[in-house]
2 protein chains.
Amino acid sequence: MRRDFGSKTWMYPMPVLIVGTYDEEGRADAMTAAWGGIHNDDTVCLCISRGHKTMGNLQARKALTISFATIGMLAACDYVGMVSANDVPDKVAAAGFTVTRSRFVDAPVINELPMCMECRLVELKDENLVARIVNVCADESVLGPDGLVDYKKLAPVAYDPVRHLYVALGDVAGKAFDDGRLLMRD
Amino acid sequence: MRRDFGSKTWMYPMPVLIVGTYDEEGRADAMTAAWGGIHNDDTVCLCISRGHKTMGNLQARKALTISFATIGMLAACDYVGMVSANDVPDKVAAAGFTVTRSRFVDAPVINELPMCMECRLVELKDENLVARIVNVCADESVLGPDGLVDYKKLAPVAYDPVRHLYVALGDVAGKAFDDGRLLMRD
């Protein structure tokens, strides 16, 4: 028996994305977003509500970084989603974040979040943006012996939109483009 | 030290979405998608490549369901991402799925996947769609005693885009709009 909940923005899992931008004075800002995902071959899409300082920064700089929240930095990642840089100008520092300018786009890489996408704004329509992924970088500390990202080392979190929880990723449950072979007929 | 990987569609976590549609003859189809997310207050966005039968179905029916892949149905969820309904017309049955017509939109609800969004197509531009979330339904078996979805009962999976793995959700790591209080100054 199914229950109907009406129109809800409930998806499982949802990401916890930390959006990094520079303002016109070159000051770094960061904010949390859960509404977004991969848009196409080399683009990402995000929803940023109008009131955020990030919105003005995007219009000015046409660039952003998108870091993935990690268990180790969860309080900081939550904090930058709770306060506005309009109210707390040193928000990034108050969160305990430091930044390095991206080598690829005009946006700050958050040093304490080991993996991010470096993106150039392609389109901003109302609250929805599409951005080109110019580069993805990851700290060596989250790479496996094969040089690729190991999600267990990265320890990203998912957002539970129903209960407003951050949820760790668990064990490997299956292999994509492989588990389905069981059901294939020759 | 950071390593650069170039332009990659790597996000953590990514969802594993099973898109349900009817074709013009009323036959249900399902396919797997990982590129998409919440778009705005009551909309979702998805990327569906052109070759998929789903694309024609969307144009014909202007509706879809988006179910969340679960650990219990992983082989079926992977299978519908591996074969095309253009080649296997009874793909949904071959996956072991049965469907019930949505009460809200002209699309099939997959009975074996306990939670889905029922959506009406708003915009389809090349491979990218935006759809209105008309209703979210969930089977009683995945609800907690409070009547809300319990992600541990739902057991959805995330997609690891780097290693092409399905990953279970683990334990609660924190509370959103709460953990950040630690860093607040009065």
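In this report, we go over the structure that sits alongside the text. (Residues numbered from 1 in each chain as written. Chains lettered and ligands numbered in written order. Predicted model: local features only at pLDDT ≥ 70, side-chain atom pairs only at ≥ 80, totals over all residues. Heavy atoms only, no water.)

## Focus: the sheet that holds strand S2 (residues 14-15) of chain A
The six strands lie next to each other as S2(A)-S12(A)-S13(A)-S13(B)-S12(B)-S2(B), forming an open sheet whose pairing is antiparallel. With one partner strand each, in any of the chains shown, S2 of chain A together with strand S2 (14-15) of chain B form the two edges of the open sheet. Here strand S12 (residues 157-160) of chain B pairs with strand S13 (residues 165-175) of chain B via four bridges, running antiparallel. Across the sheet, B:Ala158 pairs through a bridge with B:Val167, a residue of S13(B). (Pairing = 2+ DSSP bridges. Helix = DSSP H or I, 4+ residues; strand = E, 2+ residues; numbered from the N terminus.)

## Concerning the relation of the copies chain A and chain B
Superposing chain A onto chain B takes a rotation of 180° combined with a translation of 0.0 Å along the rotation axis, leaving an RMSD of 0.0 Å. Look at the turn and shift together and you get a two-fold axis relating the two. When the interface residues of chain A are mapped onto chain B, 100% of them are again interface residues, pointing to one common binding face. (Least-squares fit on C-alpha atoms with pLDDT ≥ 70 in both. Contact = heavy atoms within 4.5 Å.)

## Looking at the side chain of A:Glu118
Positionally, A:Glu118 belongs in strand S10 (residues 115-125). Of the side chains with opposite charge, B:Arg2 comes closest to the buried, unpaired A:Glu118, at an N-O distance of 6.6 Å. One polar contact links A:Glu118 to A:Ser102, side chain to side chain, over a distance of 2.7 Å. (Buried < 20%, exposed > 50% of the residue type's maximum accessible area, 1.4 Å probe, protein only. Lys, Arg positive; Asp, Glu negative; His and termini not counted. Salt bridge = Lys/Arg side-chain N within 4 Å of Asp/Glu carboxyl O. Polar contact = N/O pair within 3.5 Å; in protein donor to acceptor, adjacent residues only side chain to side chain.)

## Regarding the pattern of salt bridges
Taken as a whole and assessed by the stated rule, the structure comprises 25 salt bridges over all chains. Among the ionic pairs, B:Arg163 bridges to A:Asp146, the shortest N-O distance being 2.8 Å. Residue B:Arg163 is located in the loop between S12 and S13, and its partner A:Asp146 is located in the loop between strand S11 (128-139) and helix H4 (151-154); the two belong to separate chains. One salt bridge connects A:Asp178 with A:Arg181, and the closest N-O pair in it is separated by 3.1 Å.

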